[in-house]
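Examining the three-dimensional arrangement
This is what each chain is made of:
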Amino acid sequence: MAHVIDFKEAGFDSVLDELEWRGLISQSTDRDRLAEALNGEPITYYCGFDPTAASLHIGNLVQLINMRHLQLAGHHPIALVGGATGLIGDPRQSGERTLNPKDVVAGWADRLKKQIGGILETEGSNPVRFVSNYDWTASMNVIDFLRDVGKNFRMGTMLAKDTVARRLNSEEGISFTEFSYQVLQGNDFLHLFDEYHCVLEIGGSDQWGNLTSGLDLIHKVRGVDVNVFTSPIITDAQGKKFGKSEGNAVWLDGTMLSPYKFYQFWLNVSDEDAKRYIKIFTLLDRETIDALIAEHDAAPHLRVLQKRLAEEITCMIHSREEYEKAVEASAILFGGATSEALHRLDEQTLLQVFEGVPQYRVARTELAAGIPFVDLCAEKSDIFASKGECRKLVQGGGVSLNKEKLADAMRPVTDADLIAGKYLLVQRGKKNYYLVIAE
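As a starting point, this report considers the structure included with it. (Residues numbered from 1 in each chain as written. Predicted model: local features only at pLDDT ≥ 70, side-chain atom pairs only at ≥ 80, totals over all residues. Heavy atoms only, no water.)

1. Remarks on the side chain of Glu-201
As for its placement among the helices and strands, Glu-201 is situated in strand E5 (residues 198–204). Since its relative accessible area comes to 2%, Glu-201 is described here as buried. A distance of 2.8 Å separates polar atoms of two side chains, one belonging to Glu-201 and the other to Gln-185. Among residues more than four places away in sequence, those in contact with Glu-201 are Tyr-46, Gln-185, Phe-189, Leu-211, Asn-227, Val-228 and Phe-229. (Helix = DSSP H or I, 4+ residues; strand = E, 2+ residues; numbered from the N terminus. Buried < 20%, exposed > 50% of the residue type's maximum accessible area, 1.4 Å probe, protein only. Polar contact = N/O pair within 3.5 Å; in protein donor to acceptor, adjacent residues only side chain to side chain. Contact = heavy atoms within 4.5 Å.)

In structure tokens:
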């Protein structure tokens, strides 16, 4: 299959050069050997995703972006959703993983496949191939596993792997189950090499030891040199890794992290991170990225880079429609939004937009009959210290109900005013918001 990208035109000599420019490669096997593999005829490569949660997160997204670049360059992707390894989980930096029931892991695997299929091409002349290591691991008995696979691993090498060494020196230690993970992953690479002539595995830099276990196994039992490379671990401003084990995962599933909060995450990254992330997480070409960075540097206060970054990734993971809804929701806090836009918000997004604002409650039966606004805000709640204060601010044009300026403090508020059938939004001045909840 011919490459579908002209790298010379894009300003690169090869897909490897582009990945390095984007900051998508952290460690690799011999670069010349890797370059030769990627610059020749299309190869088959794979990345593994363990269903240890119901969703992928942005750490996994880095691997999917790498896979997409390689797919666009004509190489053939395999996405391994670890039906077997997902039942074990690779060793964490600290603490033993909780083992999940088989039916739960199977359900999570299906969800991960859908997310992967949203980034990689699943049809056409070069679709992603989905495989599960449960298919070739579950049928192995213990004796076969030890004789055919285990005998090729040396304890000294296994003990020297970074995560294993760290866990061995910790109070909790490491179980044999998690210790054996690298053997299972090495066997996966061997199986995919034999079955599909897969010659490249990619993953996060914390997976280097697991990746090289497969490389070493193939060299030992097949006498062939294959390749691996890793991408950098994404961290926050304090250098803390994003991920489920850290408790700060930025999930790709909209039910676990709403499109609005997902959009807000990217919109609020620092200037320095935005310059890194625009290369790592988007498929924008070099010319466009360089122009965006230059535009941002000329007027950082406009946050051009963050806005484009948030747009590109939210559209990629969710949809253009969800992106536009997130932008509209954001505008409610910062001006420019209409009452109609506010009423279009679903309950979850409304509560997220106004997370942390004071809340008051009112009986729904009272709203049915209608409550004068001044009574709602000065008797049923303490939004205003007194009715006089309320009337004065309303007369001065500084009070809104559901994003509509109030001209009369005696205006009756009824259940017809409720947002999502339950909420009223009162605004004092530009920045003071209050939610009134009908119960």
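2. Considerations on a positive patch on the surface
Together, Arg-147, Lys-151, Arg-154 and Lys-220 make up a positively charged patch on the protein surface. Along the chain, the position of Lys-151 falls in the loop between helix H6 (142–149) and helix H7 (155–160). Judged by relative accessible area, Lys-151 falls into the exposed class, the value being 53%. (Patch = residues over 30% accessible without salt bridge, like charges linked within 9 Å, V, L, I, M, F, W, Y side chains within 5 Å. Areas by Shrake-Rupley, 256 points an atom, 1.4 Å probe, with all protein chains shown as cover. Salt bridge = Lys/Arg side-chain N within 4 Å of Asp/Glu carboxyl O. Lys, Arg positive; Asp, Glu negative; His and termini not counted. Charge placed at Lys NZ, Arg CZ, Asp CG, Glu CD.)

3. Some details on the pairing of strand E12 (residues 423–428)
The buried count for E12 comes to five of six residues, which makes it a mostly enclosed element. Here strand E9 (residues 399–401) pairs with E12 via three bridges, running antiparallel. The partner of Ser-400 across the bridge, within E12, is Gln-427. Two strands pair when backbone bridges link them, and E12 and strand E13 (residues 432–438) are joined in this way by six bridges, in the antiparallel orientation. Considered in E13, the bridge of Leu-425 is made with Leu-435. Between E12 and E13, which pair antiparallel and follow one another directly, the connecting turn spans three residues, one of which, Gly-429, has a positive phi of 65°. (Pairing = 2+ DSSP bridges.)

4. Observations regarding helix H13 (residues 271–280)
Of all the residues in H13, the buried ones are Asp-273, Ala-274, Tyr-277, Ile-278 and Ile-280. Projected down its long axis, H13 carries its buried residues within an arc of 160°, all on one side. Looking at the buried residues of H13, the elements they touch are helix H3 (58–72), helix H12 (259–267), helix H14 (286–298) and helix H15 (304–317). (Arc of directions from axis to C-beta.)

5. Concerning the pattern of salt bridges
Tallied over the full model, the rule gives 20 salt bridges. Residue Arg-22 is joined to Glu-18 by a salt bridge in which the shortest nitrogen-to-oxygen separation is 2.9 Å. Look at Arg-22 and you get buried, because its relative accessible area is 2%. Salt bridges linked by common partners bring Asp-17, Glu-20 and Arg-31 together as one network.

6. Section: unusual backbone geometry
Residues other than glycine seldom take positive phi values, yet Arg-303 does so here, at roughly 50°. Locating Arg-303 in the fold gives a position in the loop between H14 and H15. Phi at Asn-402 takes a positive value of approximately 55°, unusual for a residue other than glycine. Summarising the element assignment, Asn-402 is placed in the loop between E9 and strand E10 (404–405). Relative accessible area serves as the criterion here: at 3%, Asn-402 is assigned to the buried category.

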